[in-house]
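A structural walkthrough
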Amino acid sequence: MLQLLCGRISQHGPGLLSKPLRYLPFRMQAPLVEGLLNRVLAEPIQDGELDFLRGRRLQVWVTDLDYRLTLSFGDGGLFQLDDDEADVVIRGDLNDLIRLSAGKWDPDTLFFQRRLLITGDIELGLECKNLLDRLEPGRQPLWLQRLLAVLAGMLERAEQSTTISEERPAG
């Protein structure tokens, strides 16, 4: 039963999220996104690890949600921009980005499998990818570590369930 639930969430989860994200007005979305990201990335921000983004535009494009998050960095930390213009775009699907954030997959593996794509300013893109390499799950707030671990576990169980059902001979 749990594997069935995990499979449905991994397959249909992105579709369930796309409409609320698409229709939530920017003026409501931005403070939530900015607050969350600045809290989650407080240590790297304090250590100066995001200074390379100062005055630059990074877009994270979650392809299966068709959701684009355009960010920049300034004295107040990360802030969201209300347009799609970016110096660099990092794109991937939601499930891969969850696994990446949970530390289950590394950016290089996804990049070489063409599941994590970087376009635009390649030098800036590589700095972003290197930042992802340095952002170990242990540096994230405990509540986020736990949430990502649960989500990544659900995705793994769904993938295992799919693999098992594909290996069974049709009867």
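Look a little higher up for the structure.
Let us look at the structure shown here. On a predicted model such as this, the values are computed, not experimentally measured, just so you know.

**Section: the pattern of salt bridges**
This structure, assessed with the given rule, holds seven salt bridges. Linking Asp51 and Arg54 is a salt bridge whose minimum nitrogen-to-oxygen distance equals 3.6 Å. Accessibility expressed as a relative area gives 36% for Asp51, which makes it partly exposed. Of the residues examined, Arg54 reaches a relative accessible area of 40% and is grouped as partly exposed. One salt bridge connects Arg54 with Asp75, and the closest N-O pair in it is separated by 2.9 Å. Note that Arg54 is positioned in the loop between helix H3 (42–46) and strand E1 (58–62) and Asp75 in the loop between strand E2 (67–74) and strand E3 (77–81), a separation of 21 residues in sequence. Through salt bridges with shared partners, one network takes in Asp51, Arg54 and Asp75.

**Considering helix H4 (residues 94–101)**
Counting buried positions along H4 gives seven out of eight residues, so the element sits mostly inside the fold. Buried residues of H4: Leu94, Asn95, Asp96, Leu97, Ile98, Arg99 and Leu100, and no others. Phi turns positive, to about 80°, at Gly103, one or two residues after H4.

**Observations regarding unusual backbone geometry**
Its identity as a non-glycine residue notwithstanding, Asp66 has a phi of 50°, on the positive side. Within the element layout of this structure, Asp66 appears in the loop between E1 and E2. Given a relative accessible area of 49%, Asp66 falls into the partly exposed group. The phi torsion at Arg114 lies on the positive side, around 60°, for a residue other than glycine. Here Arg114 shows up in the loop between helix H5 (107–112) and strand E5 (117–120).

What counts, and at which threshold
- Residues numbered from 1 in each chain as written.
- Predicted model: local features only at pLDDT ≥ 70, side-chain atom pairs only at ≥ 80, totals over all residues.
- Heavy atoms only, no water.
- Salt bridge = Lys/Arg side-chain N within 4 Å of Asp/Glu carboxyl O.
- Buried < 20%, exposed > 50% of the residue type's maximum accessible area, 1.4 Å probe, protein only.
- Helix = DSSP H or I, 4+ residues; strand = E, 2+ residues; numbered from the N terminus.

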